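# Observations on the three-dimensional arrangement
Residue strings, one per chain:
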Amino acid sequence: MKDKKHGGRPRLSPICNEMKLDFPSHSKNESFARAAAGAFIASLDPTASELSDIKCALSEAVTNCTVHAYPDKIGTIRLEIKLREDGTVILTVKDKGVGISDIAKAREPLFTTDAAGERSGMGFTVMEGFSDSIKISSKPGKGTTVTLTRKLSGKRTS
Amino acid sequence: MIKSNCRYRFTATPEGLVVSVSGEIDHHSASGMRREVDNIIWNRTPTHLILDMSEVEFMDSSGLGFIMGRYALMREIGGSLSLRNPSPVVMKMLTMTGFDKKVRIINTVFN
Ligand SMILES: Nc1ncnc2c1ncn2[C@@H]1O[C@H](COP(=O)(O)OP(=O)(O)OP(=O)(O)O)[C@@H](O)[C@H]1O
Ligand SMILES: [Mg+2]
């Protein structure tokens, strides 16, 4: 049945756990999101360095919602985490904020629209560096969704 | 009650003004720290600012922004900035983004 469903594509390891969390875009929730994700992913037995990479990538995505998506108001940030049996972590961070008009430009190292503030323009570079793949979809005026995937190495206790 | 997961203290030394940061540097914690550090810089106008980052447990790109912002301010007042003993997470962040080439890093041996 599974083979039929996935057609010719390589079969993905089944999802073994998932969570969803909505929280307001207060900057203090950046550390909350990292802690929540860390606690949830702990069941996959990540190494300390994997955990710190994932928390950092997540922090970038959540901070972008706080700073850019909702610049002058508090909006909702949705965090979804899915875990696959093979140790793949899929993080999705979604906002309904201002959106990104040019995603390719936004991904360039050192690019920032926040010239007045103190942003380094390295957020997407860091997300790319700390994950195996990144997917960004966005509609100006509608919002942005960032999906980060990272496969953990080593033996799982499952 | 601990309000922030990021702490910092100032020490005047012959080498310069040392800001020792510990805990987690993110956008939330960096904005408060930035105000206080900049106040001290304007008040004392040190010739050298040393950010001791040996006890930083977490840092994202907001930390890079914090470092580069203080770097720019120190240059503006005719001084300089260096990072002392960056912890492994800080070092990883600096090398990954190439920022290790932009700022002076001092590694001292400590037990
Ligand atoms: N969720 C979002 N909603 C709207 N715009 C975004 C969002 N995320 C990123 N952007 C845009 O993409 C640009 C690049 O993002 P990136 O995270 O790489 O850098 P930054 O946030 O500007 O700086 P840093 O992350 O280093 O503090 C931002 O300046 C902003 O214009
Ligand atoms: Mg960013």
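Coordinates for the structure precede this section.
First things first, this report covers the structure right here in the doc. (Residues numbered from 1 in each chain as written. Chains lettered and ligands numbered in written order. Predicted model: local features only at pLDDT ≥ 70, side-chain atom pairs only at ≥ 80, totals over all residues. Heavy atoms only, no water.)

### A few points about the sheet that holds strand S5 (residues 143-151) of chain A
Residue and element names in this part refer to chain A. Sheet architecture is open: five strands sit in the order S1-S2-S3-S5-S4, paired in antiparallel fashion. The open sheet terminates on both sides in strands that have one partner only, identified here as strand S1 (15-24) and strand S4 (133-139). This sheet shows a mean twist of 10° between the axes of neighbouring strands, independent of strand direction. With eight bridges connecting them, strand S3 (residues 88-95) and S5 associate as antiparallel partners. (Pairing = 2+ DSSP bridges. Helix = DSSP H or I, 4+ residues; strand = E, 2+ residues; numbered from the N terminus. Axes fitted to C-alpha atoms, helices over the stretch in contact; angles between N-to-C directions.)

### Here's the deal with the nonpolar core
Core analysis: the largest hydrophobic core is formed by 63 residues, its most contacted members being A:Ile81 and B:Ile67. The residues touching B:Ile67, leaving out its near neighbours within four places in the chain, are B:Leu51, B:Met53, B:Met59, B:Leu81, B:Leu83, B:Leu94 and B:Val103. (Core = buried A, V, L, I, M, F, W, Y, C linked by side-chain atoms within 4.5 Å. Buried < 20%, exposed > 50% of the residue type's maximum accessible area, 1.4 Å probe, protein only. Contact = heavy atoms within 4.5 Å.)

### A word on the packing of helix H2 (residues 61-76) of chain B against helix H3 (residues 88-97) of chain B
Residue and element names in this part refer to chain B. Following both chains from N to C, one finds H2 and H3 inclined at 80°, their axes separated by 10 Å at the closest point. The orientation of H2 relative to H3 falls into the category roughly perpendicular. Here Ser61, Leu64 and Ile67 of H2 lie close against H3, whose contacting residues are Met93, Leu94 and Thr97. (Parallel < 35°, antiparallel > 145°, perpendicular 65-115°, else oblique.)

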